[in-house]
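In case you want the letters, here they are:
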Amino acid sequence: MQTPVRIRYADDVAVATPAMGDRSGQRHSRRNSIDPSAALPVAYRTMSMDIEESVDQKRRDDLKNANVRTAKELSELHWHTLSLAELCVRLSTSLQYGLTSEQANRRLTEYGKNMPAKPPSHLLRDWFGYLFGGFGSILLIASILVFISWKPLGQPPAVANLALAIVLLIVFVIQAAFNAYQDFSSSRVMASITGMLPDDCLLLRDGAQRASRASEIVPGDVLYFKAGTKLPADVRFIEVSSGTKFDRSMLTGESIPLPATVDTTDDNYLETRCIGLQGAFCSSGNGIGVVVSTGEQTVFGRIAKLASQPDSGMTTLQKDIFLFCVLICTLMLVMIVVVLVIWGAWLRKDHPSWINVPSLIISCVSVAVAFIPEGLPIAVAASLTITANLMRKNKILCKSLKTVETLGAVSVICTDKTGTLTRNNMWVTECTAGDRRMTMDEAIDRHFGKQEKSNSSLNQLRSVACLCNAGEFDSTTSDYPLATRKINGDATDQALMRFAETLGSVSQVRNMWEKRFVLPFNSKNKFMISVFSIVFQDLGRDITLSADESELFTDDDFLLTVKGAPDALISRCDTYINSAGTACTLDVNVRNAIDSVRNTWGREGKRTLLLAKKILPRKSVVASPSSGEFEREVLEHANSALTLVGMVGIIDPPREEIPQVISTLRKAGIRIFMVTGDFMLTAETIARQCRIISNPTELVDNVSAIRHDPVAEKPKYEGQISSIVINGPELTTLTESQWDRLCKYDEIVFARTTPEQKLRIVKEFQARDNIVGMTGDGVNDAPSLKAADIGISLGSGSDIAIEASDMVLLDKFDAIVEALRYGRVVFDNLKKTVAYLLPAGSYAEFWPVITNVALGLPQVLSSFLMIVICCLTDCAAATVLAFEMPESDVLSRPPRRPKKDRLVDWKLILQAYGFVGTIETVCSFAMSYWYLQRNGIPFSTLWLGFGTMPQGMSADVYNQKLNEASSIYFVNVVIMQWFNLMAVRTRRQSIFQMPPLFNKVTQNIYLFPAIFFALLMVFFWLYVPEFQSALGTSGIPAEHFFLPMCFGLCVLFLEEARKYVVRQYPKSLVAKCAW
């Protein structure tokens, strides 16, 4: 096995340090800040796990309010004041070889895993919420009142009232138990999802770089980090590249990243810049650090002991449900007041025997029971849990319920290219060395097929490719074939490393030079700079420099190497290496040839990188490489007089699933735009391969096509798809009216964009009432991911992108289609749940109480049977609606408009109360009073009768018949709800298009157990003799099981007719009223 080369800093004397070679540490902490035990609103147990800025603010507040003991502990930390030699002695580690595996295992046993302490529990507060959240308090009050009406007010005490009180109390306990179980289940689901995220970091152990789980880091480990990673523990920096900065906003609230240093800058451990705190993001640069604290001993680990759980704000959906419940409760209170007024002003005087005080309490409780859909919290919570489990199985991590809601409303998706649309698996396929363009096969043949000079143009290109490179081969895969060897570094560096290794040994070239300075690539500069001094004089000069350069180069000189975007570097070059390996003047003809190659590669979808170099005589560099002034001098030298060594063309093909994903999203009414930092021609070609651009080139607009006319409403090509490709710098010149014009295009490619421009794009679309989704995986995507209505990152993306996003696709990008489907389905299914519960669980139960009080009719549905409908027969069926498959048109509809399309709106109320509820209520009343009419109790006697019995009928017979009529009403409602259940399964499609059985795509087999359960409840409560005597229930004639089926079939037929009109005549009045 070949030992990896360790590049040393020449200025390091006291302590040997490992290579900067690859400071590109792997991902450290994949947003494991998701706290499964985060507080959830108990009223409607949801999967909402909001990780927002309030968490960071809470952490800062906790830090400020830390107790004296913790503050003293923090003040005693001294790792930042030690020299590197002292640090190594204290931690018994080596900066050159790291810890041994034996040391690491021993310390893991001693210090424990690098995991945060469990947050403090709030059992009393939680159980208070379980018991009294939602409708719990109303149920408890109702139960107490009914107990009072039984005793001492009941004269004599009525057993039915005792039974009702007990049932209300049982429902209260069941709801609390379900809330507690739901909280536990939600935490378990979120914990399992969080555990699916990768959590690796790059360590130096046993003298070799190796990937390790962040939870297995121990004090003394040597850790590599790069831009985009989050520190998994507290570290002391021992090497940092120029421009390395950390975002410490979670601690200080300061949004501006602060530079990292090797030497201490402050006596305060929390303020010094040589310490990286756990959770801080590396926003730029790369480096190496020694882990000084892990787990509970980190700064945030100490604070976590004092921290309380963050409060989760209500989401849009929760607000909709809350407002609906407020409406229902308001109506309930109004009706109770009406009942009290009617009783106090009229019944108490004119009909004192009709409703006494205990009966009045029962009537008020009946109003409450009738109005409140007790099964709604259980059904909603179960629906959201089921949805979360389905998304987890599809490897989709949604960090909050708000994410799921927003998915159904997204109208614009701005997606990054590299790593999102493409595979992020780059390979060099062509190169230019000197003035010759060649494929990789031609380059290999030329390099190995004949005797070439050591300083040939191809050798010089290879040397710059492996020197100006942050990648490093992983020692654990050194025996693998080159194509499968693991390289620690970004995809571009990996492509250049494989290119260089194909033509010769990378380690051989790196051994000849000593790295003195690195300026990492960033999206603003679009280039990377590395500065070297020579180690092996003759050999190093021979393969890296031209003959003329070799003669001029002295031992004290520096070699500046640079790679980056051609448009950012070509103007800085005034010479180039020709095919003979000598430097020549870069004239107009050569520049035109370079532009031609770049454009050709761009049209082929290839990314082009230019590689250049420059000799820096020692006398021209005043500052020392270890000083901050050195960076300024290097940048000045890199501005001009560079020598162009060559270019490489890199392919990064689109993911196989992308074209189909784009087509599906477009059918769903979502516009998909590409936002990338790549060259315009490359971006357009990849966009065309991904089907983001569908028009031919001649029909694709550029910035000149955007008219200045602010009145213009539509793009240039009316009646067809409009496309435009625009560069990032051009965006800064657009006026408000031009942005209006641009935002109306169907297909847009934004090329050569910076992070600031990506953020501007998101905000401009949001300002025009678009719900914007942003996908990305890099450091430069983080601001726009955070600003978007829903930020979407890939599990393979950088830590900072995952932290900033709202949703993580853990597997493939095509999971976004499933995420979108679930986002729309969860909203649809919740509407179906409400539409199913309201007709029986609210409307049909309310009228028997009101007619009893206001019209003197007997209460033809007992309060106990109301509870059975709400919490048993209806609740089971409502819960299984969460398993409904999406309708075939769910991805063919336009996105939901959050400001207009509410969960419960007038259309749904019209459907539930005005249509289905009215039919069920009228049919149930008719069946009950028809039965009484046939059994000697005419309706005329009951109307305004206030307890008047027919002549010649005893009270026992009269009450028995009323019990039978109540049971008939109950059975009628339950059976008609079966057919309503079948009807609400779809909002637009026919039951024949979405059969509940015998079709795996549409079936919901759980419907029939729910129906059977409801039938079982009917027989359980109506036909058990003990219940009949205690609860006033009764068996009913057989025809009253079959007549409701006829009514139910009529409801189903009317619903089918309504849906047919909606489908065939989408602009009709019926369609406009459709829920």
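Going by the structure above, here's the rest.
Note that this is a predicted model, so its numbers are computed, not measured. (Residues numbered from 1 in each chain as written. Predicted model: local features only at pLDDT ≥ 70, side-chain atom pairs only at ≥ 80, totals over all residues. Heavy atoms only, no water.)

Q: Help me understand the overall build of the chain, please; the structure alone is not making it clear to me.
A: Secondary structure assignment for the chain yields 38 helices and 29 strands. Within the chain, the proportion of its 1075 residues that are buried is 59%. Accessible surface, the chain: about 42400 Å² in total, of which carbon and sulfur atoms supply 58%. (Helix = DSSP H or I, 4+ residues; strand = E, 2+ residues; numbered from the N terminus. Buried < 20%, exposed > 50% of the residue type's maximum accessible area, 1.4 Å probe, protein only. Areas by Shrake-Rupley, 256 points an atom, 1.4 Å probe, with all protein chains shown as cover.)

Q: How should the packing of aromatic side chains be read in this particular structure?
A: On inspection of all chains with the given rule, the structure shows 23 aromatic pairs. With 5.0 Å between their ring centres and 75 degrees between their planes, F864 and W1021 make a pair best called edge-to-face. Linking F864 in helix α31 (residues 863-880) with W1021 in helix α35 (residues 1007-1023), this pair joins segments that are 157 residues apart in sequence. Its relative accessible area of 14% is what places W1021 among the buried residues. Where F925 meets Y929, the ring centres are 5.8 Å apart and the plane angle is 5 degrees; that geometry is what we call stacked. Of this pair, F925 and Y929 both sit in helix α32 (residues 906-934), 4 residues apart, which is roughly one turn of the helix. (Phe/Tyr/Trp six-rings, centres within 6.5 Å; stacked < 30°, edge-to-face > 60°.)

Q: I tried to follow the sheet that holds strand β4 (residues 234-240) on my own but got confused; where do I start?
A: Hydrogen bonds between backbone groups are what pair the strands of a sheet, and the pairing can be parallel or antiparallel. The sheet built from 6 strands is open, its strands ordered β2-β1-β3-β9-β4-β7 with antiparallel pairing. The two strands at the open ends of the sheet, each matched to only one other strand, are β2 (208-213) and β7 (275-276). Two elements, β4 and β7, share 2 bridges in a ladder whose sense is antiparallel. Residue pairing for β7: R236 is matched across the bridge by I275. (Pairing = 2+ DSSP bridges.)

Q: Quick question: what am I supposed to make of unusual backbone geometry here?
A: What you tend to see is this: most non-glycine residues have negative phi, and most peptide bonds are trans. The step from K151 to P152 runs through a cis peptide bond, and the omega angle for that step is 10 degrees. Relative to the assigned elements, P152 resides in the loop between α6 (136-150) and α7 (159-194). Positive phi outside glycine occurs at R752, with the angle close to 50 degrees. Mapped onto the elements, R752 comes out in the loop between β26 (747-751) and α27 (755-767). Look at R752 and you get buried, because its relative accessible area is 12%. Backbone geometry at L944 places phi at a positive 50 degrees, although glycine is not the residue there.

Q: Help me understand the environment of L519 in this model?
A: Topologically, L519 is positioned in strand β16 (residues 513-519). In this structure, the C-alpha to C-alpha distance between L519 and S242, residues 277 residues apart in sequence, is 5.5 Å.

Q: How do you make sense of the pattern of salt bridges when you look at a structure like this?
A: A side chain of one charge can pair with a side chain of the opposite charge if their charged atoms are brought near each other. Under the defined criterion, the tally for this structure stands at 34 salt bridges. Across the pair D221 and R205 runs a salt bridge, and its minimum N-O distance is 2.7 Å. Taken together, the residues span a long stretch of sequence, with D221 in the loop between β2 and β3 (222-226) and R205 in strand β1 (residues 200-205) at a distance of 16 residues. A relative accessible area of 0% places D221 in the buried class. Salt-bridge contacts for E549 lead to K613; the nearest nitrogen and oxygen are separated by 2.9 Å. (Salt bridge = Lys/Arg side-chain N within 4 Å of Asp/Glu carboxyl O.)

Q: Help me out: how do you make sense of the side chain of E1056 in this one?
A: Note on placement: E1056 falls in helix α37 (residues 1039-1064). Of note is the side chain of E1056, whose polar atom sits 3.1 Å from the backbone nitrogen of I991. Setting aside its immediate chain neighbours within four residues, E1056 contacts S990, I991 and F992. (Polar contact = N/O pair within 3.5 Å; in protein donor to acceptor, adjacent residues only side chain to side chain. Contact = heavy atoms within 4.5 Å.)

Q: Sorry if this is basic, but what is going on with α35 here?
A: Residues spaced three or four apart along an α-helix face the same direction, because each turn holds 3.6 residues. With 17 residues, α35 extends 24 Å between its outermost C-alpha atoms, agreeing within 8% with the 24 Å of an ideal straight helix rising 1.5 Å per residue. Within α35, burial applies to L1007, A1010, I1011, A1014, M1017, V1018, W1021 and L1022. Seen along its axis, α35 keeps its buried residues to an arc of 115 degrees; they face one direction. Next to the buried residues of α35 lie α31, α34 (955-984), α36 (1025-1031) and α37. (Expected span 1.5 Å × (residues − 1). Arc of directions from axis to C-beta.)

Q: What's the story with a nonpolar patch on the surface in this structure? I'm lost.
A: On the surface, a cluster of nonpolar side chains totalling about 460 Å² of accessible area is made up of I141, I144, L145, I148, L153 and V357. No other element matches α6, which puts 4 residues into the nonpolar patch. (Patch = residues over 30% accessible without salt bridge, like charges linked within 9 Å, V, L, I, M, F, W, Y side chains within 5 Å.)

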